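Structural features, examined
Listed below, chain by chain, are the residues.
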Amino acid sequence: MHRRRPTVVYVHGNGNKVRSGLLKSQWDQALFGRDMADVSRMAYWAAVQYEHPLPDFHLDALDGGPVIEAESVGSGASGMFDAPEDFVARTVGEAWRESGDAGLEGRTPEGPGEVAVEGALVGWLREMTYLAETLGEAETGGADPGAGDGGALPLEVLPLPRPLRTAAFRELVRRTFKDVHAYFFGGRGPAIRQVVEEALPPPADGPLVVVGHSLGSVAAYEVLREQERDVELLVTVGSPLAITEVQDQLARPPAVPDGVRAWRNVSDLRDLVALGHTLRPEYAPSELITDALVTNSSENHHGISQYLAQAAVREPVDRTFGQLA
């Protein structure tokens, strides 16, 4: 007797997106090469953060599209970025004003105070800044990308002129931290996780595959960690779950969610959102996790379509469908 084919639940990443149905279709085409109808679902949480979706077929900068109205590099044309502490303080202030909510929540023991919020992810931003600067210096011959880290940093650089790369990086960090701040400290985490929960089919509906991108991988992980759902395959792409500063904000200590039978984590070494690329050392039992490095050809190496088209993503999904057919 054949088991039912799995339901695939997608959880999109940071930034505003096109409307839900179109976004699901784009993920279907990138992963399967065809529309999957009711076999797949999109946990569309962009509406929690953004009043209106992007126009159809507009690709946002965080998914590898062009930077719109990129900020002038001005004095930053030399490639030097603001100090992470200054950047965090400014970004948090902007998010605070935009929220218009005096009751911002935080997960740190100190509560929602500005000191706790601003200090929580400084390490992540510092590493992002360092990596971007190292890549830029390598392009101009000012640094050895492998110095001091056993050659872990890639020799390749973002395929943009340096001023545009600087602007793109600033936009990437600005948008990444804005949504991460809202998720962990702006009171939006519960609403985003509720969207994920509602997208999951009832356990009686059959096997489940979950695919999460960027911040969406964090939301998917936390929901599965809480619910202990049976999941044939969890796929995370461009995920920040390997970053210590992100792990510090998780509601539960890092571990493979109970019920997940296999976890495939995929990233590009140049993906500044992922930074950390191996989950096995941090999430037990490690034998359930496979970490894979790929080449993501989008401009910021974080684009979802380029991740979903990778054999490292497609093969375990296809194998799961084949085994359960």
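Residues numbered from 1 in each chain as written. Predicted model: local features only at pLDDT ≥ 70, side-chain atom pairs only at ≥ 80, totals over all residues. Heavy atoms only, no water.

1. Here's the deal with the overall build of the chain
Quick reminder of the rule: What counts as a helix is a DSSP run of H or I of at least four residues, what counts as a strand is a run of E of at least two, and both are numbered from the N terminus. Three labels apply to residues, based on accessible area from a 1.4 Å probe with only protein chains included: buried if under 20% of the type maximum, exposed if over 50%, partly exposed otherwise in between. Whether two residues touch is decided by their heavy atoms; if any such pair falls within 4.5 Å, the residues are in contact. Shrake-Rupley sampling with a 1.4 Å probe provides the accessible areas, and residues are treated as covered by the protein chains on show and by no other component.
Within the chain one finds 11 helices and six strands. Buried residues in the chain amount to 54% of all 325 residues. Long-range pairs, those at least 24 residues apart, make up 78% of the contacts in the chain between residues at least 6 apart in sequence. If you sum the accessible surface of the chain, you get close to 14,100 Å²; carbon and sulfur atoms cover 51% of it.

2. Regarding helix 1 (residues 20-32)
What counts here: An expected span of 1.5 Å times one less than the residue number is assigned to each helix.
Here helix 1 contains 13 residues, and its C-alpha end-to-end distance of 18 Å stays within 8% of the 18 Å for a straight helix at 1.5 Å per residue. Every buried residue of helix 1 is accounted for by Leu22, Leu23, Lys24, Trp27, Asp28, Ala30, Leu31 and Phe32. Just past helix 1, the residue Gly33 takes up positive phi, approximately 80°.

3. Some remarks on the environment of Val209
Looking at the secondary structure, you find Val209 in strand 3 (residues 208-213). Sequence separation between Val209 and Asp230 is 21 residues; the distance between their C-alpha atoms is 9.4 Å. Beyond its immediate chain neighbours, meaning those up to four positions away, Val209 contacts Pro6, Thr7, Val8, Val9, Leu233 and Thr320.

4. Some details on the packing of helix 7 (residues 189-199) against helix 8 (residues 215-227)
The criterion, for reference: Between N-to-C directions, angles span 0 to 180 degrees; the directions come from axes that are lines fitted to C-alpha atoms, helices contributing only their stretch in contact. Should an angle fall under 35 degrees it is called roughly parallel, over 145 degrees roughly antiparallel, and 65 to 115 degrees roughly perpendicular, with every other angle called oblique. By convention the crossing between two helices is left-handed if the near helix lies anticlockwise of the far one by an angle smaller than a right angle, and right-handed if it lies clockwise. Residues are grouped as follows: nonpolar covers Ala, Val, Leu, Ile, Met, Phe, Trp, Tyr, Cys and Pro; charged covers Asp, Glu, Lys and Arg; every other residue, Gly included, is treated as polar.
It is at 9 Å that the axes of helix 7 and helix 8 come closest, and there the two elements cross at 70°. With respect to helix 8, the element helix 7 is oriented roughly perpendicular. As helix 7 runs across helix 8, the sense of the crossing is right-handed. Contacts from Ile192, Arg193, Val196 and Glu197 in helix 7 reach Ala219, Ala220, Glu222, Val223 and Gln227 in helix 8. Classifying every residue of the contact of helix 7 with helix 8 gives five nonpolar, one polar and three charged.

5. A short note on the nonpolar core
What tends to happen in soluble globular proteins is that the nonpolar side chains get buried as a cluster. Going by this rule: Think of a nonpolar core as a cluster: buried Ala, Val, Leu, Ile, Met, Phe, Trp, Tyr and Cys residues, connected wherever their side-chain atoms sit within 4.5 Å.
Core analysis: the largest hydrophobic core is formed by 39 residues, its most contacted members being Val210, Val218, Leu241, Trp263 and Tyr283. Sorting the residues of this core by element identifies strand 1 (7-11), helix 5 (122-139), helix 6 (162-184), helix 7, strand 3 and helix 8 as the ones contributing at least two each. Sorting elements by how many residues they give to this core places helix 8 first, with seven residues. One finds Ala30, Tyr50, Val266 and Leu308 within the second-largest nonpolar core, a separate group that totals 31 residues.

6. Details of the pattern of salt bridges
Applied cut-off: Should a side-chain nitrogen of Lys or Arg be within 4 Å of a carboxyl oxygen of Asp or Glu, the pair is scored as a salt bridge.
Per the stated rule, a full pass over the model turns up six salt bridges. Here Glu226 ties to Arg252 by a salt bridge, and the two come within 3.3 Å at their closest N and O atoms. Of the two residues, Glu226 sits in helix 8 while Arg252 sits in the loop between helix 9 (244-247) and strand 5 (263-267), which places them 26 residues apart along the sequence. Under the relative-accessibility criterion, Arg252 is labelled partly exposed at 31%. Taking the shortest distance from any N to any O, the salt bridge between Arg270 and Asp268 comes out at 2.8 Å. No difference in accessibility class separates Arg270 from Asp268, as the two residues are buried.

7. Here's the deal with helix 7
For the record, the criterion: Throughout, the arc means that of the directions going from the helix axis to the C-beta atoms.
Among the residues of helix 7, those classed as buried are Gly189, Ile192, Arg193, Val195, Val196 and Ala199. Considered in projection along helix 7, the buried side chains sweep an arc of 150° and stay on one side of the axis.

8. Section: the packing of aromatic side chains
Our working rule: In summary, the pairing rule links any two rings of Phe, Tyr or Trp, Trp by its six-membered ring, whose centres are within 6.5 Å, and it sorts them by plane angle into stacked for under 30 degrees, edge-to-face for over 60 and tilted for everything else.
Taken as a whole and assessed by the stated rule, the structure comprises seven aromatic pairs. Judged by centre distance (5.5 Å) and plane angle (90°), the rings of Tyr221 and Tyr283 are edge-to-face. Placement of Tyr221 in helix 8 and of Tyr283 in the loop between strand 5 and strand 6 (289-293) is noted, with a sequence separation of 62 residues between them. The residues Tyr221 and Tyr283 share a single accessibility class, namely buried. Taken together, the ring pairs in this structure connect Tyr183, Phe184 and Phe185 into an aromatic cluster.

9. Describing the confidence of the model for the chain
So the rule is basically this: In predicted models, pLDDT denotes the confidence assigned by the predictor to each residue on a 0 to 100 scale.
Per-residue pLDDT for the chain averages 76, and the proportion of residues at 70 or more is 64%. Low pLDDT, under 50, characterises residues 99-115; the stretch is placed with 29 contacts to residues that sit more than four places away or in other chains. Note on residues 142-160: pLDDT is under 50 here. Beyond four places in sequence and across chains, it has 32 contacts.

10. Considering the side chain of Glu232
What counts, and what does not: Here a polar contact is recorded for every N or O atom pair within 3.5 Å, except that within protein the pair must consist of a potential hydrogen donor and a potential acceptor, and residues adjacent in sequence are included only if both atoms are side-chain atoms.
Relative to the assigned elements, Glu232 resides in the loop between helix 8 and strand 4 (233-237). A distance of 3.3 Å separates the side chain of Glu232 from the side chain of Arg261, its partner in a polar contact.

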